[in-house]
Amino acid sequence: MNSIRRIRFHRFGDADVMQSDVVEPSGPDAGQILVAVRAASVNPVDYKIRTGKYPAVKNDRLPYSPGRDVSGTVVSCGAQATRFKPGDEVFGIVDIHGGGYSEQVVLDERAVAPKPATLDHVHAAAIPLAGQTAWQGLFRHGGLQAGQSVLIHGGSGGVGHFAVQFAKARGARVLTTVSSDNVGFARSLGADEVIDYKTQRFEDVASELDMVFDLIDGETRERSWPLLKKGGNLVSTLTAPSQDKARQHGVRATRYTVEADGTELAEIATLVRHGAVRPHLQRSFPLASAAEAMAAVETGHTVGKIVLTVT
Ligand SMILES: NC(=O)c1ccc[n+]([C@@H]2O[C@H](COP(=O)([O-])OP(=O)(O)OC[C@H]3O[C@@H](n4cnc5c(N)ncnc54)[C@H](OP(=O)(O)O)[C@@H]3O)[C@@H](O)[C@H]2O)c1
């Protein structure tokens, strides 16, 4: 069997725990496919896991290889994996066991969709986790519909820049908060109202909202409750919102974790192919510089996505 290179850490800690290991790739189980990774994106969850503070990954998972989404080429398919064949170009979410920062990784075939032909692997890898987080927050949990209004906090980041584009493509009115440097970027994504959170109070601009999509938490969330109309919806990717506060304001409030779904990813790929949505790449790094790439995401100031190029 061929050995492959995989970035791993053997203990939790700072960026210096990351190391490059040579390992034997595991074969795909029945419903899985083995993918030769061409590019892998870097998500905040990667550094949260690395620090040991992410509840679903504890000592029993060490050594751990980060990387929750990839784009690449199918190498082989498990006995019951029938959707793809070797040579197909695919992208998708890797399960919580990780492994995207590698030359090869296994994925559940139901988590995968054909890569949009209009994108290279580096741009395609930017989509699965951040894109599906945006999609599920807006539509599955937020129920956002055409003609409704949504305030997206953090519209310039990985999830936020997809959320702005998806909500616009659905026909919603989109307000978003970004820092001064990213006002032009958020406008280029199609946001109707771009609020510079460094110089403006979003309460002065937003009211009677159908939905708040909270990618920031803390005081940003607390200031958002009164801006929702009765029956509105606050959806967060971070801590669970207070149900008492939701009741006080007559709104619903949810926290969710993104789920892999290849069918939904194919729907997103269609929007990308038609030019309605485009991933924005801030920067790419080679796999060997994964620690540096992760440190860049850890600053919390990513514009769009940061991606590792693998082969
Ligand atoms: N629950 C889940 O399944 C799930 C899935 C994906 C992500 N997440 C979480 O969701 C959060 C967002 O993820 P991401 O990938 O989009 O992160 P990201 O790419 O690091 O983006 C963070 C963005 O937030 C902006 N920002 C920081 N402070 C802000 C403020 N006060 N108001 C408005 N914008 C602000 C930053 O821009 P400036 O610095 O320019 O302001 C940056 O663009 C992360 O905490 C991540 O862990 C959860």
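Residues numbered from 1 in each chain as written. Predicted model: local features only at pLDDT ≥ 70, side-chain atom pairs only at ≥ 80, totals over all residues. Heavy atoms only, no water.

J.: Before we go on, may I ask you to explain the packing of aromatic side chains in this structure?
T.: Given two aromatic rings, their pairing is described by the distance between the two centres and the angle made by the two planes. For the coordinates displayed, the defined rule picks out five aromatic pairs. Ring geometry for Trp 135 versus Phe 139: centroids 4.8 Å apart, planes at 80°, classification edge-to-face. Of this pair, Trp 135 and Phe 139 both sit in helix α3 (residues 128-141), four residues apart, which is roughly one turn of that helix. There is no split in this pair, since Trp 135 and Phe 139 are both buried. Pairing Phe 162 with Phe 166 gives two aromatic rings, centres 6.0 Å apart and planes at 20°, and the pair type is stacked. Here Phe 162 pairs with Phe 166, and both are found in helix α4 (residues 158-170), just four residues apart, close to one helical turn. Each member of the pair, Phe 162 as well as Phe 166, is classed as buried. Among the aromatic residues, ring-to-ring pairing joins Trp 135, Phe 139, Phe 162 and Phe 166 into one connected group. In this structure, Arg 170 is placed above the aromatic ring of Trp 135, and the distance from its NZ or CZ to the ring centre is 5.6 Å. (Phe/Tyr/Trp six-rings, centres within 6.5 Å; stacked < 30°, edge-to-face > 60°. Helix = DSSP H or I, 4+ residues; strand = E, 2+ residues; numbered from the N terminus. Buried < 20%, exposed > 50% of the residue type's maximum accessible area, 1.4 Å probe, protein only. Lys NZ or Arg CZ within 6 Å of the ring centre and 35° of its normal.)

J.: Quick question: what am I supposed to make of the site of the ligand here?
T.: Taken together, 25 residues lie around the ligand, and Lys 48, Ser 179, Tyr 197, Val 258 and His 301 are the ones closest in. The separation between a nitrogen atom of the ligand and a polar main-chain atom of Tyr 256 is 2.9 Å. One of the backbone nitrogen or oxygen atoms of Thr 302 is found 2.8 Å away from an oxygen atom of the ligand. In isolation the ligand has 920 Å² of accessible area, and contact with the protein removes 86% of it. When atom positions are compared with the pocket grids, the ligand is found to occupy the largest pocket. (Near = heavy atom within 4 Å. Polar contact = N/O pair within 3.5 Å; in protein donor to acceptor, adjacent residues only side chain to side chain. Areas by Shrake-Rupley, 256 points an atom, 1.4 Å probe, with all protein chains shown as cover. 1 Å grid on protein atoms, 1.4 Å probe; cavity = no way out; pocket = protein on both sides within 12 Å on 5 of 7 lines; lining within 4 Å. Sits in = over half its atoms within 2 Å of the grid points.)

J.: Help me understand the sheet that holds strand β13 (residues 252-255) in this model?
T.: Strand pairing in a sheet relies on backbone hydrogen bonds. The paired strands run either parallel or antiparallel. With parallel pairing, the six strands of this open sheet are ordered in space as β10-β9-β8-β11-β12-β13. Only two strands of the sheet have a single neighbouring strand rather than two, namely β10 (193-196) and β13. The mean angle between the axes of side-by-side strands here comes to 15°, regardless of whether they run parallel or antiparallel. The sheet contacts of α3 involve β8 (149-153), β11 (209-214), β12 (228-236) and β13, and relative to β11 the element is tilted by about 150°. Together, β8, β9 (173-178) and β11 form the strand contacts of α4, whose direction differs from that of β8 by roughly 170°. (Pairing = 2+ DSSP bridges. Axes fitted to C-alpha atoms, helices over the stretch in contact; angles between N-to-C directions. Contact = heavy atoms within 4.5 Å.)

J.: Is there a simple way to think about the layout of surface pockets in this case?
T.: Empty space left among the atoms is revealed by rolling a probe the size of a water molecule over them. Roughly 1,400 Å³ of volume is contained in the largest pocket. Considering the residues around the largest pocket, the lining is formed by 50 residues, among which Pro 44, Lys 48, Leu 215, Thr 237 and Leu 238 are closest to the centre. Put simply, the parts of the chain that give the lining of the largest pocket at least two residues each are α1 (44-50), α3, α4, β9 and β15 (305-309). In terms of residues, the lining of the largest pocket owes the most to one element, α1, which gives four residues. Tallied by class, residues from the lining of the largest pocket come to 21 nonpolar, 20 polar and nine charged. Of the pockets and cavities examined, the second largest pocket occupies roughly 370 Å³. Looking at the second largest pocket, it is lined by 19 residues, and the ones nearest its centre are Arg 6, Ser 26, His 97, Gly 98 and Val 106. (Points joined across faces, edges and corners; volume = space filled by probe spheres on them. Nonpolar A, V, L, I, M, F, W, Y, C, P; charged D, E, K, R; others polar.)

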